[in-house]
Amino acid sequence: MSGLFEGKVAVVTGGASGIGLASARALLEEGAQVVLVDRDAAALEALTAELGEACIAQRTDLLDAESCAAMVPEILAKTGRIDILHCNAGSYIGGALTDTTPEAIERMIGLNVTAVMKNVHAVIPHMAERGSGDIMVTCSVAGHTAVGPEPVYSGSKWAITSFVQTMRRQLMKDGIRVGQVSPGPVDSALLSDWEPERLAKLKEDGALMEASAVAEAVVFALSRPRTVTIRDVVILPSNFDI
Ligand code: NAD
C-alpha cells in the first residue's frame, strides 16, 4: 500500500461484485475509507467482515426511488464526506431488441443511466461546496462502438458517455473531475447469461479481462494530480477484436 487515497472517502456502487468490488479493494489498498453500495445485503455483510473497518456497507437498491435518493445523505451522515464517487452498478441485456421486454429495457435504463444521473445529482452540492471531488463512471466499450449484438445495453452506455462528457465540462469550474472507464469484456457475474461456449472461447482467445485490470485503471485515473483529468480510460483485453 502506498496510501494514494489516505484520508479520502470513496463510494463505489455495485461494490459487492465484479468491477465494483475490485475497485473497492484497490481503493482500500491505497488507504481510502470505502463505502460499498449494493442491493445484495448478504454479500455486503460478508464483504465488510472480510475487508475490515475501513470498509462500510450501504444497502441501497438503485432502482428504488426512495432508496436511491437516500444513498448520498445516509453516507454523508456516516462519513461526513465523499471524495470519490464511483458510479459502477450496471446490468446487461444481450440479444435483439425484439427479444427484450419493455420492462427489462426500463430496468436497465433505470440502473445504467437514471441511477447514475441521480447519484451524480445528489453528490454535486457536497463536492462543489468543498471545491473538490472525483466522479468516475463505469461505462463500456459498448458505449463507444455500435458493433456489438446488444442494442439496449449499448444505447444505455452511449447515453452515459455523453452524460459524463457533458458533466466533465460543467463541473470543472467547481473543482470536480468527472471521468469514465470503458472496459471490454470482464470475467464477472454480469456475463453469467452468456452461453458458456462463448465465454470459454473468449477466455481461450485471451479476449476476457479480470476485474482487477479495470480497478487498476480506475486507481491510475483517480491518482493523477488535480491539474490533470483523464476523461476516459478504454481498457480492452489484448486479443479483443472490435
Ligand atoms: P456484476 O454483476 O459482477 O456486479 C454488479 C453489481 O451491481 C452486483 O453486486 C449487483 O448486486 C449490483 N446491483 C445490481 N443491481 C443493483 C441495484 N438495483 N441497486 C444496487 N446494486 C445493484 O457486474 P460487473 O461486470 O462488475 O459490472 C459493473 C459495471 O461494469 C456495469 O456498469 C457494467 O455495465 C460495466 N461493464 C461490465 C463489463 C463486463 O464484461 N463485465 C464490461 C464493460 C462494462
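Residues numbered from 1 in each chain as written. Predicted model: local features only at pLDDT ≥ 70, side-chain atom pairs only at ≥ 80, totals over all residues.

Novice: So what exactly am I meant to see when it comes to the overall build of the protein here?
Specialist: A count of helical and extended segments in the protein gives 7 helices and 7 strands. Beginning at the N terminus, the succession of helices and strands in the protein can be written as β-α-β-α-β-α-β-α-β-α-β-α-α-β. Computed over C-alpha atoms, the radius of gyration of the protein comes to 17 Å, within 12% of the 18 Å expected from 2.2 N^0.38 for 242 residues, which places it in the range of a compact globule. The principal-axis extents of the C-alpha atoms in the protein amount to approximately 45 × 40 × 35 Å. Taking all contacts inside the protein whose residues are at least 6 apart in sequence as the whole, residues at least 24 apart take part in 68%. (Helix = DSSP H or I, 4+ residues; strand = E, 2+ residues; numbered from the N terminus. Rg over C-alpha atoms; globule rule 2.2 N^0.38 Å. Contact = placed C-beta atoms within 7 Å.)

Novice: Got a minute to help me understand the site of the ligand in this structure?
Specialist: Taken together, 29 residues lie around the ligand, and Gly14, Ser17, Gly18, Gly90 and Ser188 are the ones closest in. Residue contributions to the shell around the ligand peak at 3 residues, all from helix α1 (residues 18-29). Broken down by class, the residue content of the shell around the ligand amounts to 14 nonpolar, 11 polar and 4 charged. (Near = placed C-beta within 6 Å. Nonpolar A, V, L, I, M, F, W, Y, C, P; charged D, E, K, R; others polar.)

Novice: Could you clarify how one ought to interpret the pairing of strand β6 (residues 176-183) in this entry?
Specialist: Taken residue by residue, a regular strand's side chains alternate between the two faces of the sheet. Taken across its 8 residues, β6 has 8 buried, putting it largely inside the fold. Side chains of β6 alternate between two faces, with Ile176, Val178, Gln180 and Ser182 and Arg177, Gly179, Val181 and Pro183 buried alike. Relative to strand β7 (residues 232-235), β6 is paired through 4 bridges, and the arrangement is parallel. Bridge assignment links Pro183 to a residue of β7, and that residue is Ile235. (Buried ≥ 20, exposed ≤ 12 C-beta atoms within 10 Å, placed from the backbone. Pairing = 2+ DSSP bridges.)

Novice: Which parts of the structure should I look at to understand the nonpolar core?
Specialist: It is characteristic of soluble globular proteins that their nonpolar side chains tend to be buried jointly. With 65 residues, the main nonpolar core has Ala10, Val11, Val34, Leu36, Val214 and Val218 as its most contacted residues. Tallying contributions element by element places helix α4 (residues 102-130) first for this core, with 8 residues. Leu36 has contacts with Val12, Gly15, Ala16, Ala24, Leu44, Leu47, Thr48, Cys55, Ala57 and Gln58, leaving out every residue within four places of it along the chain. (Core = buried A, V, L, I, M, F, W, Y, C linked by C-beta atoms within 7 Å.)

Novice: Can you walk me through the environment of Gly14 in this structure?
Specialist: Checked against the element boundaries, Gly14 lands in the loop between β1 (9-13) and α1. For the pair Gly14 and Val37, spaced 23 residues apart in the sequence, the C-alpha separation amounts to 5.8 Å.

Novice: Quick question: what am I supposed to make of the sheet that holds β1 here?
Specialist: Whether parallel or antiparallel, the strands of a sheet pair through hydrogen bonds between backbone atoms. Strand order in this open sheet of 7 strands is β3-β2-β1-β4-β5-β6-β7, and the pairing throughout is parallel. Here the strands that pair on one side only, and so sit at the sheet edges, are β3 (55-59) and β7. Neighbour to neighbour, the strand axes of the sheet diverge by 15 degrees on average, direction disregarded. For strand β5 (residues 133-138) and β6, the ladder comprises 6 bridges, and the chain directions are parallel. Bridged to Thr138 within β6 is Val181. On the sheet, α4 packs against β1, β4 (84-87), β5 and β6 and is oriented at approximately 170 degrees with respect to β4. (Axes fitted to C-alpha atoms, helices over the stretch in contact; angles between N-to-C directions.)

Novice: Help me understand helix α5 (residues 151-171), please; the structure alone is not making it clear to me.
Specialist: What sets the pattern is the α-helix's 3.6 residues per turn: residues three or four places apart point alike. With 21 residues, α5 extends 30 Å from end C-alpha to end C-alpha; this agrees with the ideal 30 Å at 1.5 Å per step. All of the buried residues along α5 are Val152, Tyr153, Ser156, Lys157, Ile160, Val164 and Met167. Down the axis of α5, the sector holding all buried residues measures 125 degrees, keeping them to one side. Facing away from the buried surface of α5 by more than 90 degrees, the exposed residues are Ser162, Thr166 and Arg169. (Expected span 1.5 Å × (residues − 1). Arc of directions from axis to C-beta.)

Novice: I tried to follow the environment of Met172 on my own but got confused; where do I start?
Specialist: Along the chain, Met172 falls in the loop between α5 and β6. Put simply, Met172 and Asp187 are 15 residues apart on the chain and 34 Å apart in space, counted from C-alpha to C-alpha.

Novice: Can you walk me through the confidence of the model for the protein in this structure?
Specialist: Regions with low pLDDT should not have their predicted coordinates read in detail. Averaged over all residues, the pLDDT of the protein is 96; the fraction at 70 or higher stands at 99%. What the predictor reports for the complex is a pTM of 0.98 with an ipTM of 0.99. (pLDDT = per-residue confidence, 0-100.)

Novice: Explain the pairing of strand β2 (residues 33-38) here, please?
Specialist: Extensive coverage of β2 is indicated by the burial of 6 of its 6 residues. Burial of β2 is two-sided: the residues Gln33, Val35 and Val37 facing one way and the residues Val34, Leu36 and Asp38 facing the other way are all buried. Note on the crossover from β1 through α1 to β2: the handedness is right-handed. In terms of strand pairing, β2 meets β3 through 5 bridges, oriented parallel. (Right-handed = clockwise from strand over helix to strand, strands pointing away.)

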